[in-house]
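# Close look at the chain arrangement
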Amino acid sequence: MNEEQFKGKWNIAKGKLKQQYADLTDDDLKYAEGKSDELLGRLQEKTGESKEKLKKMINDM
């Protein structure tokens, strides 16, 4: 997957995550580039989901 494809998938995933978890903000989701552990931590904090479940959700989107 090239960078543009990743960005496209990430934009779709961001929209779906924001729909499912209204507490998420754009700032929370900006951690994607180069900060995946921090992003997962923020998502985990906001959603209460495990990192494994969040990774699977993002991959499935």
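Residues numbered from 1 in each chain as written. Predicted model: local features only at pLDDT ≥ 70, side-chain atom pairs only at ≥ 80, totals over all residues. Heavy atoms only, no water.

Per an unreviewed UniProt entry, the protein is named CsbD-like domain-containing protein, and its organism is marine sediment metagenome. Looking at the Sequence similarities (unreviewed entry) heading of the UniProt record, one finds this comment for the protein: "Belongs to the UPF0337 (CsbD) family." (UniProt positions renumbered as here; feature names shortened; annotations may be inferred.)

## Let's talk about the overall build of the protein
A count of helices and strands for the protein gives 4 helices and 0 strands. Among the 61 residues that make up the protein, the fraction classed as buried is 26%. Of the contacts made within the protein by residues no fewer than 6 positions apart, 31% connect residues no fewer than 24 positions apart. Total accessible area on the protein is roughly 4400 Å²; 44% of this is exposed by carbon and sulfur atoms. (Helix = DSSP H or I, 4+ residues; strand = E, 2+ residues; numbered from the N terminus. Buried < 20%, exposed > 50% of the residue type's maximum accessible area, 1.4 Å probe, protein only. Contact = heavy atoms within 4.5 Å. Areas by Shrake-Rupley, 256 points an atom, 1.4 Å probe, with all protein chains shown as cover.)

## Looking at the environment of K56
Note on placement: K56 falls in helix α4 (residues 51-60). At a separation of 2.7 Å, a polar atom in the side chain of K56 contacts the side chain of D60. (Polar contact = N/O pair within 3.5 Å; in protein donor to acceptor, adjacent residues only side chain to side chain.)

## Quick look at the pattern of salt bridges
Summed over the entire model, instances satisfying the criterion amount to 5 salt bridges. In this structure, D60 and K56 form a salt bridge, with 2.7 Å as the shortest nitrogen-oxygen distance. In this pair, D60 and K56 are both assigned in helix α4, 4 residues apart and thus about one turn of the helix distant. As far as burial versus exposure is concerned, D60 and K56 are alike and both exposed. Several salt bridges converge on common partners, so that one network encompasses D28, R42 and K46. (Salt bridge = Lys/Arg side-chain N within 4 Å of Asp/Glu carboxyl O.)

## Quick word on the side chain of E49
Positionally, E49 belongs in the loop between α3 (36-47) and α4. A polar contact is formed between the side chain of E49 and the side chain of Y21, at a distance of 3.0 Å. Contacts of E49, omitting those with residues within four sequence positions, involve Y21, Q44 and L54.

## Remarks on α3
The end-to-end C-alpha distance of α3 is 16 Å, a good match for the 16 Å that 12 residues give at a rise of 1.5 Å each. Where α3 is concerned, the buried positions are L39, L40, L43 and T47. Taken around the axis of α3, the buried residues stretch over an arc of 95 degrees, which confines them to a single face. Across from the buried face of α3, at angles greater than 90 degrees, the exposed residues are D37 and E45. A positive backbone phi angle near 80 degrees is found at G48, which sits one or two residues after α3. (Expected span 1.5 Å × (residues − 1). Arc of directions from axis to C-beta.)

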